[in-house]
Every structure is written in structure tokens, then in C-alpha cells.
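If you want the building blocks of each chain, they are given just below.
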Amino acid sequence: MKKHSETTQQWWDRVSNSQEEMINWLKAQYHGEATAEKRIREAINRYKLKGIKAKIINSIADDEAKHTKWVAKLLKDRGITPEILQKEERYWNKVLPKELEYNNFKYFAAVGHLAETMRLDRITLLASDTRFKDIAKVMSKIYPDELFHARAFKELSNKKRIKQAKVYHTEGMNAIGLLP
């Protein structure tokens, strides 16, 4: 675990200047996309979603599956086999246990909104870095999907649940060493 928190730019300065850090990040990115698809798709049954809500959630999960394939290719192009990691889910362990307490879809959507919004800053930075054209291309393709996800999750939630989730979101950011 990191000893200190860093901004997105500080994080990228560190990761982009180390092949080992870059590979570790790509592995974590693959893991994140693959587990996001599963987590999001499971919400349909957990919350007994029907109609337009189920369609939106399925669409978001489908996007995450697409992102998983794109990141898998980045790994394969570097000679790495993509796989789900056995690791502590530091961010999700902070935000999702509260889902059980509030136990409703609006809280789940609030967490989704905050998590996707958090990622937009990082994706924007990576999409603009011309040193890694393949990564920039993938992040440029992912960006509009993540922007849609952040907006959709916000619409599926409400101000009260977003405010509740924000407390745990901040704890989650701290757990992964990211400054707000």
C-alpha cells in the first residue's frame, strides 16, 4: 500500500516512468473493468430491476465488458496474460458495505456515479498522453462511455444518496491513495 496520497498527475508521473508500475496498473485496470461488469450486472437481480433501469444497467455492464477486452489487448500486446487479480478491493470495501446498510438501488447508483466521476480525471489525462499512443487511444474510446455512466448513475440516484455515498467515497479514495 502507498505511504502517501497523490494527485492523478503525480500518480501518472510515477506510473508512466516505470515499466513495472505501468504493467501493474494495466493489470489492475483489467481487473477493475472485469469486476465492474460483474458488480454492475449483478445489481439487476439484487435490486429486481425491470424496464428502463435494467436496460441502462445492462448497457453500462456491456460497456465495461467492451473496456475489459480493450485493456486485455493492451496487456496482450505487452506479452501479459490478462487475469482477475487476487487482491484487496480497498475502494469498494469502503463504499459498498454501506450498500447493505442502506440496501437500495439509489445508494448503489450513487456509488456508481461517484466512482465513474472519479475515473474521468484519470482517463482524460491518459487519453492526452501521446507517449503511449495505444493507451491514449483506448482511454479516448472509454471516456464517452464513462461520461455516460457517471450521468446515468446520477440520474438513477438522488441527492440524498449521493451525499451519503460521498462520505464513504472519500474514505475509499484515501484507501487507494488518491487525493480528492
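Residues numbered from 1 in each chain as written. Predicted model: local features only at pLDDT ≥ 70, side-chain atom pairs only at ≥ 80, totals over all residues. Heavy atoms only, no water.

Visitor: Describe the overall build of the chain, with residues and values.
Guide: Per the secondary structure count, the chain includes eight helices and zero strands. The C-alpha atoms of the chain give a radius of gyration of 16 Å, which matches the 16 Å a tight globule of 180 residues would have. The principal-axis extent of the C-alpha atoms belonging to the chain is close to 45 × 35 × 30 Å. The buried share of the chain, reckoned over its 180 residues, is 47%. Counting contacts in the chain only where the partners sit at least 6 residues apart, residues at least 24 apart contribute 79% of the total. Of the roughly 9,900 Å² that the chain leaves accessible, carbon and sulfur atoms contribute 53%. Positive and negative side-chain charges of the chain, numbering 35 and 24 respectively, have mean locations separated by a distance of 5 Å. (Helix = DSSP H or I, 4+ residues; strand = E, 2+ residues; numbered from the N terminus. Rg over C-alpha atoms; globule rule 2.2 N^0.38 Å. Buried < 20%, exposed > 50% of the residue type's maximum accessible area, 1.4 Å probe, protein only. Contact = heavy atoms within 4.5 Å. Areas by Shrake-Rupley, 256 points an atom, 1.4 Å probe, with all protein chains shown as cover. Lys, Arg positive; Asp, Glu negative; His and termini not counted. Charge placed at Lys NZ, Arg CZ, Asp CG, Glu CD.)

Visitor: An account of the packing of helix H6 (residues 105-128) against helix H8 (residues 159-175) is needed here, citing residue identities and associated values.
Guide: Direction vectors running N to C along H6 and H8 enclose 50°, while the axes themselves pass 9 Å from each other. As the angle between them shows, H6 and H8 are arranged oblique. Relative to H8, the crossing made by H6 is right-handed. The residues of H8 that touch H6, namely those facing Lys106, Tyr107, Ala110, Val111, His113, Leu114, Ala115 and Met118, are Arg161, Ile162, Gln164, Ala165, Lys166, Tyr168, His169 and Met173. (Axes fitted to C-alpha atoms, helices over the stretch in contact; angles between N-to-C directions. Parallel < 35°, antiparallel > 145°, perpendicular 65-115°, else oblique. Left-handed = near helix turned anticlockwise from the far one by under 90°.)

Visitor: Break down the packing of aromatic side chains for me, citing the residues and quoting the values.
Guide: Throughout the structure, instances matching the rule amount to eight aromatic pairs. Relative to Phe153, the ring of Phe108 has its centre 6.4 Å away and its plane inclined at 80°; by these criteria the two rings are edge-to-face. A residue pair is termed long-range when its members are at least 10 positions apart, and Phe108 in helix H6 and Phe153 in helix H7 (residues 133-156) qualify at 45 residues. With respect to class, Phe108 is no different from Phe153; both count as buried. By the ring-pair criterion, three or more aromatic residues cluster together here, those being Trp11, Trp12, Trp25 and Phe132. Here the guanidinium or amino end of Arg122 rests over the ring plane of Trp11, the centre of that ring lying 3.7 Å away. The ring of Trp70 has Lys141 sitting right over it, with the charged end atom 4.2 Å from the ring centre. (Phe/Tyr/Trp six-rings, centres within 6.5 Å; stacked < 30°, edge-to-face > 60°. Lys NZ or Arg CZ within 6 Å of the ring centre and 35° of its normal.)

Visitor: Describe H6, with residues and values.
Guide: For H6, which comprises 24 residues, the first-to-last C-alpha distance of 34 Å matches the rise-based estimate of 34 Å (1.5 Å per residue) to within 8%. Within H6, the axis deviates most sharply at Leu120, by approximately 25°. N-capping of H6 is provided by Asn104, with a side-chain oxygen placed 3.0 Å from the backbone N of Lys106. (Expected span 1.5 Å × (residues − 1). Bend = angle between axes of the 7 residues up to and from the residue. Polar contact = N/O pair within 3.5 Å; in protein donor to acceptor, adjacent residues only side chain to side chain.)

Visitor: Please give an account of the pattern of salt bridges that cites residues and values.
Guide: Summed over all chains, the structure comprises 13 salt bridges. A salt bridge links Lys66 to Asp145; its shortest N-O distance comes to 3.2 Å. Here Lys66, found in helix H3 (residues 51-77), pairs with Asp145, found in helix H7; they are 79 residues apart in sequence, far enough to count as distant. Its relative accessible area of 13% is what places Asp145 among the buried residues. (Salt bridge = Lys/Arg side-chain N within 4 Å of Asp/Glu carboxyl O.)

Visitor: So what's going on with the layout of surface pockets? Which residues, and what values?
Guide: Its boundaries defined by the atoms lining it, the largest pocket holds a volume of some 1,100 Å³. Surrounding the largest pocket, 42 residues form its lining, Ala28, Gly32, Lys87, Arg122 and Ile176 being those nearest its centre. Class assignment of the residues belonging to the lining of the largest pocket gives a composition of 21 nonpolar, seven polar and 14 charged. (1 Å grid on protein atoms, 1.4 Å probe; cavity = no way out; pocket = protein on both sides within 12 Å on 5 of 7 lines; lining within 4 Å. Points joined across faces, edges and corners; volume = space filled by probe spheres on them. Nonpolar A, V, L, I, M, F, W, Y, C, P; charged D, E, K, R; others polar.)

Visitor: Let's hear about the packing of helix H1 (residues 8-15) against H6: which residues, and what values?
Guide: At a minimum axis separation of 10 Å, H1 and H6 run at an interaxial angle of 45°. Judged by the angle between their axes, H1 and H6 are oblique. H1 and H6 meet at a crossing whose hand is right-handed. Note on element contacts: H6 touches H1 through Asp121, Arg122, Leu125 and Leu126, opposite Thr8, Gln9, Trp11 and Trp12.

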